[in-house]
Amino acid sequence: MLAVDVGGTKLAAGVVDPDGRVVSYDRVATPADVDAEGLWRTLEALLGKLTAGVGALAGVGVGCGGPMTWPAAEVSPINIPAWRGFPLRERLRAAYPGLPVRVHNDAVCVAVGEHWRGAGRGRADVLGMVVSTGVGGGLISGGRLVDGASGNAGHIGHVVVDPDGPPCGCGGYGCLEAVARGPGLAAWAQEQGWRTGLPATGVELADDARRGHPVAVAAMRRAGRALGVAIASATHLCDLEVVAIGGGLSQAGALLFDPLEEALRRHARMEFARRVSVVPAALGQTAGLVGAAALVYEGGRYWSAG
Ligand SMILES: [Zn+2]
């Protein structure tokens, strides 16, 4: 399977075998100063290089930043201004005639990857999450991916954790993403005196938290608490067994997961909800590619559309 991950900072692709192993891999930085066709040509070149010398492909699976229409996958990734309503699925079908081509939200692909071959393997009710520049997710219920009416189920990042909280990129207030996304957290920490006036990212914040910087530690607490509140709500709603968390911020380890666990235990009180376990994602950087491949390899569980 040819698996593709289209993101704001990089275009990545791999050939994934039926066991979910990434047997070859390549990536390029997402070019910034190009138009829609220029970006497409960059992707085409990456895929051409990767598949040269590979035998027959079984299909093409793609994770792409949202939003998009689904399943047609006319994509308008927030972090890729060159593509607005770009017909990604149609173009890939034309490039790989006769092969199944399936495109889903990139965070959904991470969740699918973690369910198929990662931390949620063998479980029926799993929430997979990515906490980095944004907060995204995908929901597995009864062993199947839940798409929702428009393919947008699993948007845990816009579950409200504080109705009076900061404004969110979606237009709302106090969403989990508004509180816990890396840049939002870094901005909050700067207001408290961390690296004032310097450029700063969520990953640097996580690094400084590990070194014991008190404001950075407080920022991880803030994110962990918001994540715990959102996960408690999701667990009550969906009767989850496992929540797997990946993305840059999850690398803060116990500094994030301890306050998360504390908030979760405070808010998840019903007997069934207390059983949920929250774990770090197992597949790391390749989870999205493994999940994108599973959209085709395991279509019975992970692809409900045509
Ligand atoms: Zn929001």
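Residues numbered from 1 in each chain as written. Predicted model: local features only at pLDDT ≥ 70, side-chain atom pairs only at ≥ 80, totals over all residues. Heavy atoms only, no water.

Student: Explain the overall build of the protein chain to me, and be specific about the residues and the numbers.
Tutor: The helix and strand tally for the protein chain stands at 11 helices and 12 strands. On C-alpha atoms alone, the protein chain measures out to a radius of gyration of 19 Å, which is about the 19 Å that the 2.2 N^0.38 rule sets for 306 residues. Judged by the C-alpha coordinates and their principal axes, the protein chain covers about 55 × 45 × 35 Å. Counting over 306 residues, the protein chain shows a buried share of 49%. Partitioning the intrachain contacts of the protein chain with sequence separation of at least 6 by distance along the chain shows that 62% fall at a separation of at least 24. On the protein chain, roughly 13,100 Å² of surface is accessible, and the fraction owed to carbon and sulfur atoms is 53%. (Helix = DSSP H or I, 4+ residues; strand = E, 2+ residues; numbered from the N terminus. Rg over C-alpha atoms; globule rule 2.2 N^0.38 Å. Buried < 20%, exposed > 50% of the residue type's maximum accessible area, 1.4 Å probe, protein only. Contact = heavy atoms within 4.5 Å. Areas by Shrake-Rupley, 256 points an atom, 1.4 Å probe, with all protein chains shown as cover.)

Student: Before we move on, could you go through the packing of helix α5 (residues 182-191) against helix α7 (residues 214-238) and cite the residues and values that matter?
Tutor: Running from amino to carboxyl end, α5 crosses α7 at an angle of 135°, the nearest separation of the two axes being 10 Å. The angle between the axes of α5 and α7 places the two elements in the oblique class. Crossing angle aside, the handedness with which α5 passes α7 is right-handed. In this structure, α5 uses Leu185, Trp188 and Ala189 to contact α7, whose residues at the interface are Val215, Ala218, Ala219, Met220, Arg222 and Ala223. A breakdown of the residues in the contact of α5 with α7 according to their chemical character gives 8 nonpolar, no polar and 1 charged. (Axes fitted to C-alpha atoms, helices over the stretch in contact; angles between N-to-C directions. Parallel < 35°, antiparallel > 145°, perpendicular 65-115°, else oblique. Left-handed = near helix turned anticlockwise from the far one by under 90°. Nonpolar A, V, L, I, M, F, W, Y, C, P; charged D, E, K, R; others polar.)

Student: An account of the coordination of the zinc ion is needed here, citing residue identities and associated values.
Tutor: Taken together, His158 (ND1), Cys168 (SG), Cys170 (SG) and Cys175 (SG) make up the full set of protein donors to the zinc ion, lying 2.0 to 2.4 Å away. Every donor counted, the 4 donor atoms about the zinc ion form angles of 104 to 119° at the centre, which fits tetrahedral coordination. Donor residues for the zinc ion, ordered by position in the chain, follow H-x9-C-x1-C-x4-C. You can see His158 sitting in the loop between β10 (144-145) and α4 (176-180) and its partner Cys168 sitting in the loop between β10 and α4, a full 10 residues away along the chain. Judged by its relative accessible area of 9%, Cys168 is buried. (Donors = N, O, S within 2.8 Å, 3.2 Å for Na, K, Ca; no water. Tetrahedral: all angles 85-135°; square planar, octahedral: opposite > 155°, others 65-115°.)

Student: Summarise helix α2 (residues 88-95); cite the residues concerned and give the values.
Tutor: Three- or four-residue spacings in an α-helix give side chains the same orientation, since the helix completes a turn every 3.6 residues. Those residues of α2 that sit buried are Leu88, Arg89 and Leu92. Considered in projection along α2, the buried side chains sweep an arc of 95° and stay on one side of the axis. For α2, exposure combined with an orientation more than 90 degrees from the buried face picks out Glu90 and Ala94. Looking at the buried residues of α2, the elements they touch are α1 (36-51), β4 (60-64), β5 (74-75), β6 (86-87) and β7 (101-105). (Arc of directions from axis to C-beta.)

Student: Run through the sheet that holds strand β9 (residues 135-141), naming residues and quoting values.
Tutor: Across the sheet, 5 strands lie side by side as β10-β9-β8-β11-β12; this open sheet has mixed pairing. Whereas interior strands pair on both sides, the edge strands pair on one side only; in this sheet they are β10 and β12 (277-280). Strand direction decides the pairing type here: strand β11 (residues 242-246) and β12, joined by 4 bridges, are parallel. Residue Ile245 lies in a different strand from β12, and its bridge partner there is Pro280. Each of β8 (126-131), β9, β11 and β12 is contacted by α7, which is oriented at about 155° to β8, the strand it contacts most. Along the sheet, helix α8 (residues 254-267) contacts β11 and β12; its crossing angle with β12, the most-contacted strand, is approximately 165°. (Pairing = 2+ DSSP bridges.)

Student: Please set out the packing of aromatic side chains residue by residue, giving values where relevant.
Tutor: Overall, the coordinates contain 4 aromatic pairs when judged by the stated rule. With centroids separated by 4.3 Å and ring planes inclined at 0°, the aromatic side chains of Trp83 and Phe86 adopt a geometry described as stacked. Taken as a pair, Trp83 and Phe86 share a single burial class, namely buried. In textbook terms, an aromatic cluster arises when at least three aromatic residues are bridged by ring pairs, as seen for Trp40, Trp83 and Phe86. (Phe/Tyr/Trp six-rings, centres within 6.5 Å; stacked < 30°, edge-to-face > 60°.)

Student: Help me get a handle on the domain arrangement of the protein chain, residues and values and all.
Tutor: Assigned domains within the protein chain: domain 1 (2-106 + 286-302) and domain 2 (119-282). Relative placement of domain 1 and domain 2: their C-alpha centres are 26 Å apart. Counting residues at the interface gives 6 residues for domain 1, matched by 8 residues for domain 2. Of the roughly 660 Å² buried where domain 1 meets domain 2, counting both sides, 48% is carbon and sulfur surface. It is Trp70, Arg301 and Tyr302 that lose the most area in domain 1 upon contact with domain 2, and together they represent 55% of the buried surface on that side. At the surface where domain 1 touches domain 2, the tally comes to 0 salt bridges. Secondary structure elements with two or more residues in the side of domain 1 that touches domain 2: β7 and α11 (299-302). (Domains from an automatic or database assignment. Buried area = accessible area lost by both parts, 1.4 Å probe. Salt bridge = Lys/Arg side-chain N within 4 Å of Asp/Glu carboxyl O.)

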